[in-house]
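Listed here are the chains, written in short residue letters.
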Amino acid sequence: KLLELAKSKLKKDAHIYIFTNWRYWHIIFPMVNSIYKVKNCLVWNKGIGSLGGGKSTNYQYWHDFILFAQAGEGRLISSDKPFPPNILEFSRVSAANRRHPTEKPVDLLKHLISNSSVENELILDPFCGSGSTLVAAEELNRRWIGIEINPIWYDVAKARILELRKNKK
């Protein structure tokens, strides 16, 4: 429902990024592709896997997928490369600095936001968690809307934005 609702509100050339992993890709892809035009699967190489001790019966995964889609015909990707790669090398947020269990690095989000928008455009994060997307948007002079149902994460995101604005002065 969220994807359908958002379509009428998005600019006709908007880019959409949805973080997921291999376990849910097969569910998310057809759902998104039925409403938007899925263009690619970006792979975020976190540079390190999840923690675990001893030997394993499984391979450790060091990446997440980012479904990249667009509304309408889409816009050109603003990149310093004519054909930007779909492998993104950004270290995950260290456990010592992580505010949220699935927190994304601000630099990764700034990279995506820079590629898909210009100053003063509006960025929407309907599941903003601890506010990393909002911080990235704020640092890049984008307007933003963050939605978070959990009051704990809402408070964390709000505190991050207030601290960022205080330090800007």
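Everything quoted here is computed from the prediction, not taken from an experiment.

**Things to note about the overall build of the chain**
- Within the chain one finds five helices and six strands.
- When the helices and strands of the chain are listed from N to C terminus, the series reads α-β-α-β-β-β-α-β-α-β-α.
- Reported as C-alpha extents along the three principal axes, the dimensions of the chain are approximately 50 × 40 × 35 Å.
- Relative to its full complement of 169 residues, the chain shows a buried share of 37%.
- Of the contacts made within the chain by residues no fewer than 6 positions apart, 64% connect residues no fewer than 24 positions apart.

**What about the side chain of Glu 121?**
- With respect to the helices and strands, the residue Glu 121 is situated in the loop between helix 3 (106-116) and strand 5 (122-125).
- With a relative accessible area of 13%, Glu 121 lands in the buried category.
- Within the structure, Glu 121 has its side chain in polar contact with the side chain of Lys 11 (distance 2.9 Å).
- Glu 121 has contacts with Lys 11, Arg 75, Ser 116, Arg 142 and Arg 143, leaving out every residue within four places of it along the chain.

**What about unusual backbone geometry?**
- With a phi angle near 70°, Asn 120 is a residue other than glycine that sits in the positive phi range.
- Along the polypeptide, Asn 120 turns up in the loop between helix 3 and strand 5.
- Asn 120 gets classed as exposed once you look at its relative accessible area, which sits at 52%.
- Of note in this structure, Asn 141 is not a glycine but carries a positive phi near 60°.

**A short note on the packing of helix 4 (residues 132-139) against helix 5 (residues 151-168)**
- It is the contact of helix 4 with helix 5, at a shortest axis distance of 9 Å, that shows an interaxial angle of 20°. Comparing the axis directions of helix 4 and helix 5 gives the class roughly parallel. Our pair here, helix 4 against helix 5, has a crossing hand that is right-handed. Where helix 4 approaches helix 5, its residues Ser 132, Leu 134, Val 135, Glu 138 and Glu 139 are matched on the opposing element by Arg 160, Ile 161, Leu 164, Arg 165 and Lys 168.
- The residue makeup of the contact of helix 4 with helix 5, split by class, is four nonpolar, one polar and five charged.

About the cut-offs
- Residues numbered from 1 in each chain as written.
- Predicted model: local features only at pLDDT ≥ 70, side-chain atom pairs only at ≥ 80, totals over all residues.
- Heavy atoms only, no water.
- Helix = DSSP H or I, 4+ residues; strand = E, 2+ residues; numbered from the N terminus.
- Buried < 20%, exposed > 50% of the residue type's maximum accessible area, 1.4 Å probe, protein only.
- Contact = heavy atoms within 4.5 Å.
- Polar contact = N/O pair within 3.5 Å; in protein donor to acceptor, adjacent residues only side chain to side chain.
- Axes fitted to C-alpha atoms, helices over the stretch in contact; angles between N-to-C directions.
- Parallel < 35°, antiparallel > 145°, perpendicular 65-115°, else oblique.
- Left-handed = near helix turned anticlockwise from the far one by under 90°.
- Nonpolar A, V, L, I, M, F, W, Y, C, P; charged D, E, K, R; others polar.

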